[in-house]
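The residues making up each chain are set out below.
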Amino acid sequence: MPANLTPQYHEAEKRFKQAADNEEKIEALEEMMATIPRHKGTEKLQADLKKKMSVLRKDADQQKKSAPRREVFVVEREGARQLALLGAPNAGKSQLLRALTNATPEVADYPYTTRTPIPGMMIFDNVRLQLIDLPAISPEYMESWVPQLVRNADAVLWIVDLSDDDVLERLDETRNLITEAKVDLARKRVLIVGNKSDAPGARERAEIVREVQGNQWPMAPMSAVTQDPSEVDRFKRVVYDFLDVVRVYTKAPGKKPDFSDPYVMARGSTVLDVAEKVHRAFLENLKYARIWGEGKPDGIMVPRDFVITEGDILELHQ
Ligand SMILES: Nc1nc2c(ncn2[C@@H]2O[C@H](COP(=O)(O)OP(=O)(O)OP(=O)(O)O)[C@@H](O)[C@H]2O)c(=O)[nH]1
Ligand SMILES: [Mg+2]
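For clarity, every value in this text was computed on a predicted model and none was experimentally measured.

Moving on: the sheet that holds strand E2 (residues 118-124). Paired through backbone hydrogen bonds, the strands of a sheet run either parallel or antiparallel to each other. Here we have six strands laid out as an open sheet, ordered E2-E3-E1-E4-E5-E6, and mixed in their pairing. The sheet terminates laterally at E2 and strand E6 (219-221), the two strands that pair on one side only. Mean inter-strand twist for the sheet, computed between neighbouring axes without regard to direction, equals 30°. Pairing between strand E1 (residues 81-87) and strand E3 (residues 127-133): five bridges, direction parallel. Pairing of Ala-84 across the sheet is with Ile-132, part of E3. The sheet strands contacting helix H4 (residues 93-100) are E1, E2, E3, strand E4 (155-161) and strand E5 (189-195), and the helix crosses E3 at an angle near 160°. Contacting E1 and E4, helix H6 (residues 167-180) runs over the sheet at an angle of about 145° to E4.

A few words on the pairing of E1. The two faces of the sheet receive side chains in turn, since in a regular strand these alternate between them. With respect to burial, E1 is a largely interior element, six of its seven residues being buried. Relative to E4, E1 runs parallel, the two being bridged by five bridges. Paired with Leu-86 across the two strands is Trp-158, which belongs to E4.

The strand order across the open sheet formed by five strands is E8-E7-E11-E9-E10, and the pairing between neighbours is mixed. Edge positions in the sheet fall to strand E8 (263-266) and strand E10 (300-302), since each of these pairs with one other strand and no more. Going from strand to strand, the sheet's axes swing by 40° on average, the running direction of each strand aside. When strand E9 (residues 288-292) meets E10, the two strands line up antiparallel, connected through three bridges. Of the residues in E10, the one forming a bridge with Arg-290 is Met-301.

Glancing now at the domain arrangement of the chain. Interface size is often expressed as the accessible area that is lost when the parts come together. Here the chain is partitioned into domain 1 (7-66), domain 2 (81-243) and domain 3 (245-317). A separation of 53 Å is found between the C-alpha centroids of domain 1 and domain 2.

Take the nonpolar core next. The nonpolar side chains of a soluble globular protein tend to be buried, and buried together. With 57 residues, the main nonpolar core has Ala-84, Leu-85, Leu-86, Val-150, Ile-159 and Val-160 as its most contacted residues. Ranked by the residues each element gives to this core, the list is headed by E4, at five residues. In terms of domain composition, this core takes at least three residues from each of domain 2 (81-243) and domain 3 (245-317). Ranked by size, the runner-up nonpolar core spans six residues in total, among them Tyr-9, Ala-12, Met-32 and Ile-36.

Glancing now at the site of ligand 1. Taken together, 23 residues surround ligand 1, and among them Gly-92, Ser-94, Asp-109, Thr-114 and Ala-136 come closest. In terms of residue class, the shell around ligand 1 is made up of ten nonpolar, nine polar and four charged.

Residues lying three or four places apart along an α-helix face the same way, a consequence of the helix completing one turn every 3.6 residues. Relative to the 20 Å expected for 14 residues at 1.5 Å per residue, helix H2 (residues 22-35) spans 20 Å between its end C-alpha atoms, a close match to the ideal helical length. Listed in full, the buried residues belonging to H2 are Lys-25, Leu-29 and Met-32. Buried residues in H2, looked at end-on, bunch into an arc of 55°, giving them a common side. When the buried face of H2 is taken as reference, the exposed residues oriented beyond 90 degrees from it are Glu-23 and Ala-34. In this structure, the buried residues of H2 make contact with helix H1 (7-18) and helix H3 (43-66).

Calculation criteria
- Residues numbered from 1 in each chain as written.
- Chains lettered and ligands numbered in written order.
- Predicted model: local features only at pLDDT ≥ 70, side-chain atom pairs only at ≥ 80, totals over all residues.
- Pairing = 2+ DSSP bridges.
- Helix = DSSP H or I, 4+ residues; strand = E, 2+ residues; numbered from the N terminus.
- Axes fitted to C-alpha atoms, helices over the stretch in contact; angles between N-to-C directions.
- Contact = placed C-beta atoms within 7 Å.
- Buried ≥ 20, exposed ≤ 12 C-beta atoms within 10 Å, placed from the backbone.
- Domains from an automatic or database assignment.
- Core = buried A, V, L, I, M, F, W, Y, C linked by C-beta atoms within 7 Å.
- Near = placed C-beta within 6 Å.
- Nonpolar A, V, L, I, M, F, W, Y, C, P; charged D, E, K, R; others polar.
- Expected span 1.5 Å × (residues − 1).
- Arc of directions from axis to C-beta.

Structure, rendered in structure tokens:
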């Protein structure tokens, strides 16, 4: 007896054959079962389909059970730069995020309080910097996705605990772990934050950390539990300076610049680097710029490769 299979059935069968995984196969098979004409001539085929489905379902169940649950976190970039908070358990990463941003991560005096990345926006003047609080890393345990987030960030705040006699050991452990995970800290912008500067003996430990690490990375002391707003402001300035950036503004001819929204550029950037950020087309057709800024005659014409400095205002001409 002819099977008289419908075009929908053939279509589903094609998808079944081309399916990339079990899920797609099951989906296509479901449609085949729904569209197969039900009569004597398709009985054997119907039975075959049922059998296939039961095997596929069993496989899918098995996969679910045996696959390790692998979590991956991505933090979407916001603000002028992204900074990852790296460090050993209990160093005060989350407390620091609380001190510098509006974020409210959990803070507790036991290790591994933080389990997921938590972003917060640090506002310094008119610059927005995104900080990401991360779970601690130590030889006992490290979330597998932490190195990737550190690698992705523009800069690293490496939090160390100045109340801890073993601060150098913790530093070594963190460095070894992150290096083993193939994050090349030597090629990253890293600021060591000597946290808990309020603790007894912190000053002496800070000196020791500086002596040992000072050549490679700068160190800034901080107390993340401080109630003094000026100490927080001072520290924000330290972070901003450490990034080694300059802020510039652009304006249209005859208009005033928008001072609330600077372009944040690496020190040493040129007029063309700024123009490219404003619009890619400038890369081709920027002719010159007029510039207003410290030590320059107002509105003087400068070429594309002119190096900008902090606070410059640019009028771009194509
Ligand atoms: N004295 C003092 N204590 C601090 C400071 N910063 C954090 N703490 C305390 O240190 C403990 C750990 O702080 P957290 O911010 O949770 O540390 P963490 O690095 O985020 O810890 P994990 O998420 O477990 O890795 C808490 O009891 C905080 O109150 C500080 O600057 N000074
Ligand atoms: Mg934490």
